[in-house]
Amino acid sequence: MIRSIKGIKDILPSHSPKWQTLESRAHELARRFGFMEIRIPIFEQTELFSRSIGGATDIVEKEMYTFPDRDGTSLTLRPEGTAGVVRAFLEHSLANQFASRKLYYIGPMFRHERPQAGRFRQFQQFGVEAFGTEDPLMDVEIITLLWQYFSLLGLQDLTLHINSIGTLNDRHEYLGHLRDFLLPHLDKLCGNCRRRIDTNPLRILDCKVPHCRSLTDKAPALIDHLSPPSASHFREVLQNLALLKIPYTIDHRLVRGLDYYSMTTFEVTSPALGAQNTIGAGGRYDGLVEMLGGPPTPAVGFAIGLDRVSLVLPENAISPPSPLVFVAGFGEAGQEAGVKLLQEIRNAGITADTDYRASTLKNLLRSADRLSASITIILGDTETKKGTAILRDMVTKKQEEIPISKVIQTLTYWINPPSPSQQNS
Ligand code: HAM
């Protein structure tokens, strides 16, 4: 038997209500904040990702699914959404086409990581990107949207980690201090960090190896080396988060694993997850649009890992399925009337089903139970002859025989009974 690929999973029908909830809430909230949906391709030219994310990052060095097209062009399955959104933003001159310049996307991303709980090779992200303003209030809006999404879903005990990695110049200045601090301890760092001292020294701060961590505990902090404008930007972000009552923790180690970031960076973690506990992350990337050939355009965004959110989603956040009406038509005339009625009920916008394999009332009722139907319509030859149908409430077992012409009206009433105030008026 052919099986699915390691680290790549099916979302089975029992889990789809959860995913439908995650996705519908994302659409709802992003639109409420004035973001418009963009659907970008699953694969792009490799260069887009290597240039945007950075050649010395884990993603580009070892996690991308890259393959040659038939003409030899190198293509890559998107490991994240920001690069593709920026490419589309430039290619279609979206900056001139609509005023808000705020985009969102939901879709699968691909990274060849070592699979473990909460880490997959195909995973789903909900991401947002806002272009064209360097105002710290836009950072705050993005973080607010991220925070509200989790609140809306009822996620508890989350921590918002925040940092500023400043501008390229700020980092250049800071890296001198960091290297001076690290060089005397070079032989005590792990192999990865020793390599990073030349390729990507900032990442040494977020190494998970315990002795690297304790060594960098006393490393100089980037926020103490920010230029006055960067420091004031960060201060304003924090002040406005406080104003909106969004709690945060400043985290000096938060440098992010993608090279395009500048200024504000943030991550949200959940204590209910193991090692892979970051459920969403993002930040500013003021230089990326220009780096990909566009005009200087500040930007800020985030991406949420929906697979991880699905692991901590409380049961009561999942939207219940709409009640199901089961049509049990049996006997020659009853079955025919049932086929017609099933179509009418569905046309009226009510969820309805039947079981074509069952031909006796007993088997039909068993199928109705198996499908957890709320109401069953019993329609035998006797009822058909009289022009009636029997409505059976599958919970209370209460039954009512009514004219077939009144079925839709009665079903609507049973499914959505008017509230007492509506009845009195
Ligand atoms: P990222 O931190 O690489 O950022 O990914 C964002 C989120 O995607 C993570 O916090 C995590 O929840 C989820 N994620 C990442 N890798 C995996 C995986 N292998 N399995 C399951 N979930 C995963 C970005 O992708 C940036 N594009 C975010 C951004 C948007 N920054 C600015 N705009």
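Residue numbers restart at each chain and count upward from 1, following the sequence in its written direction. Owing to the predicted nature of the model, reporting of local features is limited to residues with pLDDT of at least 70; listing and counting of side-chain atom pairs is limited to 80 or more, with chain, interface and lining totals taken over all residues. Values shown for side chains rest on all heavy atoms present in the structure; no hydrogens or waters enter the calculation.

Caption draft 1: Up close: the site of the ligand. Taken together, 26 residues form the shell around the ligand, and within it Glu80, Glu113, Glu129, Tyr261 and Thr278 come nearest. Note that a nitrogen atom of the ligand is positioned 2.6 Å from one of the side-chain N or O atoms of glutamate 80. We define a polar contact as two N or O atoms separated by no more than 3.5 Å, with the added condition that, inside protein, one atom must be a possible hydrogen donor and the other a possible acceptor, whereas residues neighbouring each other in sequence contribute only through side-chain atom pairs. Interatomic distance of 2.8 Å between a side-chain N/O atom of glutamate 129 and a nitrogen atom of the ligand. A 1.4 Å probe and the Shrake-Rupley method give the accessible areas. Residues count as covered only by the protein chains that appear here. Out of a free accessible area of 650 Å², the ligand has 96% covered by protein chains. Helix numbering and strand numbering both begin at the N terminus, where a helix is a DSSP run of H or I of at least 4 residues and a strand a DSSP run of E of at least 2. No other element matches strand β10 (residues 278-284), which puts 6 residues into the shell around the ligand. Residue type decides the class: Asp, Glu, Lys and Arg count as charged, Ala, Val, Leu, Ile, Met, Phe, Trp, Tyr, Cys and Pro as nonpolar, and the leftover types, Gly among them, as polar. Split by residue class, the shell around the ligand holds 10 nonpolar, 9 polar and 7 charged. Note on definitions. A residue lies near a molecule or strand when any single heavy atom of the residue is within 4 Å of it.

Caption draft 2: Looking closely at the domain arrangement of the chain. Where a domain begins and ends is set by an automatic assignment or by a domain database. By the assigned domains, the chain splits into domain 1 (16-167 + 227-317) and domain 2 (325-415). The straight-line distance from the C-alpha centre of domain 1 to that of domain 2 is 48 Å.

Caption draft 3: Local environment of the sheet that holds strand β12 (residues 325-329). Only when DSSP finds a minimum of two bridges between them are two strands counted as paired. Sheet architecture is open: 5 strands sit in the order β13-β12-β14-β15-β16, paired in mixed fashion. Edge strands, defined here as strands with exactly one partner in the open sheet, are β13 (352-353) and β16 (399-403). Pairs of residues are marked as contacts when any of their non-hydrogen atoms sit within 4.5 Å. Axes, fitted as lines to C-alpha atoms, cover a helix only where it is in contact. Angles between the N-to-C directions of the axes lie from 0 to 180 degrees. Of the strands in this sheet, β12, β14 (375-379) and β15 (388-393) touch helix α14 (residues 361-370), which is tilted by about 170° from β12.

Caption draft 4: The packing of aromatic side chains, seen in detail. Paired rings are identified among Phe, Tyr and Trp, the last through its six-membered ring, by centres lying within 6.5 Å, and are further divided according to the angle between planes into stacked (under 30 degrees), edge-to-face (over 60) and tilted (the rest). The tally for this structure, following the rule as stated, stands at 9 aromatic pairs. When the ring of tyrosine 260 is compared with that of tyrosine 261, the centres are 4.8 Å apart and the planes differ by 55°; the resulting orientation is tilted. The residues tyrosine 260 and tyrosine 261 share a single accessibility class, namely buried. Members of the aromatic cluster, connected to one another through ring pairs, are Phe89, Phe131, Tyr260, Tyr261 and Tyr285. For every residue, the accessible area (1.4 Å probe, protein chains only) is compared with the maximum for its type, and the residue is labelled buried under 20%, exposed over 50%, or partly exposed between those bounds.

Caption draft 5: Molecular detail of unusual backbone geometry. Although it is not a glycine, serine 93 adopts a positive phi angle of roughly 45°. Here serine 93 lies in the loop between α4 (82-91) and α5 (94-97). We note that arginine 256 has phi near 70°; this positive angle belongs to a residue other than glycine. For arginine 256, the position within the fold is in the loop between β8 (249-250) and β9 (262-269). The class of arginine 256 is buried, set by a relative accessible area of 12%.

Caption draft 6: The nonpolar core, seen in detail. Counting 48 residues, the largest nonpolar core has Ile38, Leu103 and Phe131 as the members making the most contacts within it. Counting residues per element, this core draws most heavily on α4, at 5 residues. Look past the residues within four positions of leucine 103 in its chain and what remains in contact with it is Phe35, Met36, Ile38, Val85, Phe89, Leu94, Phe98, Gly127, Val128, Glu129 and Phe131. Think of a nonpolar core as a cluster: buried Ala, Val, Leu, Ile, Met, Phe, Trp, Tyr and Cys residues, connected wherever their side-chain atoms sit within 4.5 Å. Counting 43 residues, the second largest nonpolar core, distinct from the first, contains Leu29, Leu146, Ile246 and Val312.

Caption draft 7: Molecular detail of the packing of helix α6 (residues 136-152) against helix α10 (residues 228-243). The geometry of α6 relative to α10 is characterised by a closest axis approach of 9 Å and an angle of 45° between their N-to-C directions. Classified by the angle their axes make, α6 and α10 are oblique. Crossing handedness for the pair α6 and α10: right-handed. On the side of α6, the interface is formed by Pro136, Leu137, Asp139, Val140 and Ile143, while α10 contributes His233, Glu236, Val237, Asn240 and Leu241. Here the residues of the contact of α6 with α10 are counted per class, giving 6 nonpolar, 2 polar and 2 charged. By definition in this entry, angles of less than 35 degrees are roughly parallel, angles greater than 145 are roughly antiparallel, angles of 65 to 115 are roughly perpendicular, and the rest are oblique. Helix crossings are classified by the rotation of the near helix relative to the far one: an anticlockwise turn of less than a right angle makes the crossing left-handed, while a clockwise turn makes it right-handed.

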